[in-house]
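Listed below are the residues making up each chain.
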Amino acid sequence: MLMCHVKGCATDNFPLRIEDAELEQVEVEFNEDFMRRMINKIEWGAFVQTAFALGVDQLPATVPENIDTEFLQRIHRVAMETKLKEGKMICNGCKHVYPVTDGIPNMLLQETEV
Amino acid sequence: MKTPSLIHFTEKDYDHVYEPSEDTFLLLDALEEDAGLISELQPTLCLEVGSGSGCVTTFLGFLWPHAYYMASDINPHAAAATKKTGFHNGVPIDPVLSNFATGFGARLHKAVDILIFNPPYVVTPSSEVGSSGIEAAWAGGVDGREVLDQFIPHIEGLLSEKGLFYLVTVKENRPLEIMAHMKEVYGLYSKVVMTRRAGIEGLAIIRFSRVEH
Ligand SMILES: [Zn+2]
């Protein structure tokens with residue numbers, strides 16, 4: 001969901017590349033209706049790319065036409081239950097590094113970068 | 001509806017994070033008043049800007065548990081507190097350290113179903129605005145509007161078609177003027193959901209939306 005917002009950085013700034021990732025599995029109650037709505041809010045290409053890069057899951061390049069419960073559970077596991085606990089998110093465009101500490105991405109910029 | 005438990009905080013935490021106060025509780029009451037409308041709209045994505053202790057988003061998670069809850073704050077203690085409060089109350093919240101919603105960039109364009117902002121609304125000298133410490137929770141500069149006025153141009157672009165935006169104001173902010181401005185410039189309808197006097201503060205919770213409710 002997060003993207004680079006360094007001033008003047010407009011190309012190749014999404015998704016951020018993740019390095020030195022430490023992942024965490026959390027348990028979140030599955031709700032089928034919610035996941036069905038949530039899929040429409042997900043930037044699918046970026047989501048698939050990130051999940052693959054992190055070794056979490058190898059998802060289809062496009063959203064399947066008939067989405068069944070099993071598929072929604074799979075998305076639930078990746079999107080809701082797999083969290084980036086520590087790591088760096090790096091912009092492929094301008095190389096800016098956004099650190100993630102204790103599950104919280106730091107998207108604040110220095111004043112010169114705003 | 002019960003209020004989120006905050007027993008995981010000590011007095012010391014409130015040196016760094018805004019302790020839920022009358023303004024927070026009025027916002028909770030306004031959300032509860034709107035519970036019917038909120039479940040009717042079935043929000044998927046919720047974002048609270050300046051989430052502080054996390055009390056408000058957690059409460060929203062009690063009212064409507066079927067959404068993805070995001071939060072932002074420029075104060076690292078507050079972002080951590082938000083996550084903690086959500087966790088201890090069974091509402092998963094993903095906070096980011098960010099100025100308003102800038103960290104999300106265009107990804108949230110017209111995607112937010114419930115947007116909440118309890119801005120620093122207290123009238124202070126302009127020089128007190130812009131810290132990332134606890135002062136950021138209240139110092140609002142001239143008319144208590146300086147921080148809100150920075151966020152106003154971004155609101156319409158974040159709201160989804162059915163999106164609701166909840167804003168906390170005090171009378172010094174001139175809420176009627178804000179409502180007129182939002183209609184005139186961004187075409188957003190608004191309604192005062194609740195008002196309350198708390199000490200010297202004349203608080204109001206205003207709800208904005210693309211369609212009239
Ligand atoms: Zn960049």
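Criteria and thresholds
- Residues numbered from 1 in each chain as written.
- Chains lettered and ligands numbered in written order.
- Predicted model: local features only at pLDDT ≥ 70, side-chain atom pairs only at ≥ 80, totals over all residues.
- Heavy atoms only, no water.
- Donors = N, O, S within 2.8 Å, 3.2 Å for Na, K, Ca; no water.
- Tetrahedral: all angles 85-135°; square planar, octahedral: opposite > 155°, others 65-115°.
- Buried < 20%, exposed > 50% of the residue type's maximum accessible area, 1.4 Å probe, protein only.
- Contact = heavy atoms within 4.5 Å.
- Buried area = accessible area lost by both parts, 1.4 Å probe.
- Salt bridge = Lys/Arg side-chain N within 4 Å of Asp/Glu carboxyl O.
- Polar contact = N/O pair within 3.5 Å; in protein donor to acceptor, adjacent residues only side chain to side chain.
- Helix = DSSP H or I, 4+ residues; strand = E, 2+ residues; numbered from the N terminus.
- Nonpolar A, V, L, I, M, F, W, Y, C, P; charged D, E, K, R; others polar.
- Pairing = 2+ DSSP bridges.
- Axes fitted to C-alpha atoms, helices over the stretch in contact; angles between N-to-C directions.
- Domains from an automatic or database assignment.
- Phe/Tyr/Trp six-rings, centres within 6.5 Å; stacked < 30°, edge-to-face > 60°.
- Lys NZ or Arg CZ within 6 Å of the ring centre and 35° of its normal.

**Regarding the coordination of the zinc ion**
Residues and elements named next belong to chain A. For the zinc ion, every protein donor is listed as Cys4 (SG), Cys9 (SG), Cys91 (SG) and Cys94 (SG), and the spread of their distances is 2.2 to 2.3 Å. Geometry at the zinc ion is tetrahedral, judged from the four donor atoms that bind it and their angles of 103 to 114° at the metal. Look at Cys4 and you get buried, because its relative accessible area is 3%. On the basis of relative accessible area, Cys94 is assigned to the partly exposed category, the value being 31%.

**A closer look at the interface of chain B and chain A**
The extent of an interface is frequently quoted as the accessible surface area lost upon association of the parts. Taken together, the 29 residues of chain B in the interface contact 21 residues of chain A. Considering only the surface of chain B that becomes buried against chain A, B:Thr44, B:Leu97 and B:Arg107 emerge as the three largest contributors, covering 31% of it. Counting across the interface, chain B meets chain A through three salt bridges. A salt bridge links B:Arg107 to A:Glu43; its shortest N-O distance comes to 3.1 Å. The tally of links between chain B and chain A comes to 12 residue pairs in polar contact (both at pLDDT 80 or more). Those elements that place two or more of their residues in the side of chain B that touches chain A are helix 4 (76-88) and strand 3 (93-97) of chain B. For the side of chain B that touches chain A, the element with the highest residue contribution is strand 3 of chain B, accounting for four residues. Of the residues contributing to the side of chain B that touches chain A, the split by class is 16 nonpolar, nine polar and four charged.

**What to know about the sheet that holds strand 6 (residues 189-198) of chain B**
Residue and element names in this part refer to chain B. Pairing in this open sheet of seven strands is mixed, and the strands run 3-2-1-4-5-7-6 from one edge to the other. Taken across any chain shown, the strands that pair with only one partner, and hence form the sheet edges, are strand 3 and strand 6. Each strand axis lies, on average, 15° off the axis of its neighbour in the sheet, ignoring direction. Packing against the sheet, helix 1 (residues 22-33) makes contact with strand 4 (112-117), strand 5 (159-170), strand 6 and strand 7 (201-209), and its axis sits at approximately 135° to strand 6.

**A few points about the pattern of salt bridges**
Residue and element names in this part refer to chain B. Overall, the coordinates contain 17 salt bridges over all chains when judged by the stated rule. Arg145 serves as the salt-bridge partner of Asp149, at 3.0 Å between the closest nitrogen and oxygen. Of the charged contacts in the structure, one is a salt bridge between Glu156 and Arg210, with a shortest N-O distance of 2.7 Å. With a gap of 54 residues between them, Glu156 in helix 5 (residues 146-158) and Arg210 in the segment after strand 7 connect regions that are remote in the sequence.

**Considerations on the domain arrangement of chain A**
All names here are of chain A. Structurally, chain A comprises domain 1 (1-27 + 86-114) and domain 2 (28-80). Once you take the C-alpha centre of each, domain 1 and domain 2 turn out to be 21 Å apart. Counting residues at the interface gives nine residues for domain 1, matched by 11 residues for domain 2. Summing both sides of the interface, domain 1 and domain 2 together bury roughly 760 Å²; the carbon and sulfur share of this comes to 71%. The tally of links from domain 1 across to domain 2 stands at zero salt bridges. Between the two partners, domain 1 and domain 2, sit zero residue pairs in polar contact (both at pLDDT 80 or more). Residue classes in the side of domain 1 that touches domain 2 are distributed as seven nonpolar, one polar and one charged.

**Structural notes on the packing of aromatic side chains**
Residues and elements named next belong to chain B. Under the definition given, this model contains eight aromatic pairs over all chains. Plain terms: the ring middles of Phe100 and Phe151 are 5.2 Å apart, the flat faces sit at 20° to each other, and that makes the pair stacked. With Phe100 in the loop between strand 3 and strand 4 and Phe151 in helix 5, this residue pair connects regions lying 51 residues apart in the sequence. The exposure classification of Phe100 matches that of Phe151, with both residues buried. A network of ring pairs unites the aromatic residues Phe100, Phe117, Phe151, Phe165 and Phe208 as a single cluster. For Lys183, the ring lying beneath its charged end belongs to Tyr189, and the centroid distance is 4.8 Å.

**A short note on the pairing of strand 2 (residues 82-90) of chain A**
Residues in a regular strand project their side chains so that they alternate between the two faces of the sheet. All names here are of chain A. Of the strand pairs in this sheet, strand 1 (residues 17-25) and strand 2 are connected by seven bridges, and their pairing is antiparallel. Note that in strand 2 the partner of Leu23 across the bridge is Leu84. Bridge analysis of strand 2 against strand 3 (residues 97-101) gives four bridges, and the strand direction is antiparallel. In the strand pairing of strand 3, Gly87 is matched with Val100.

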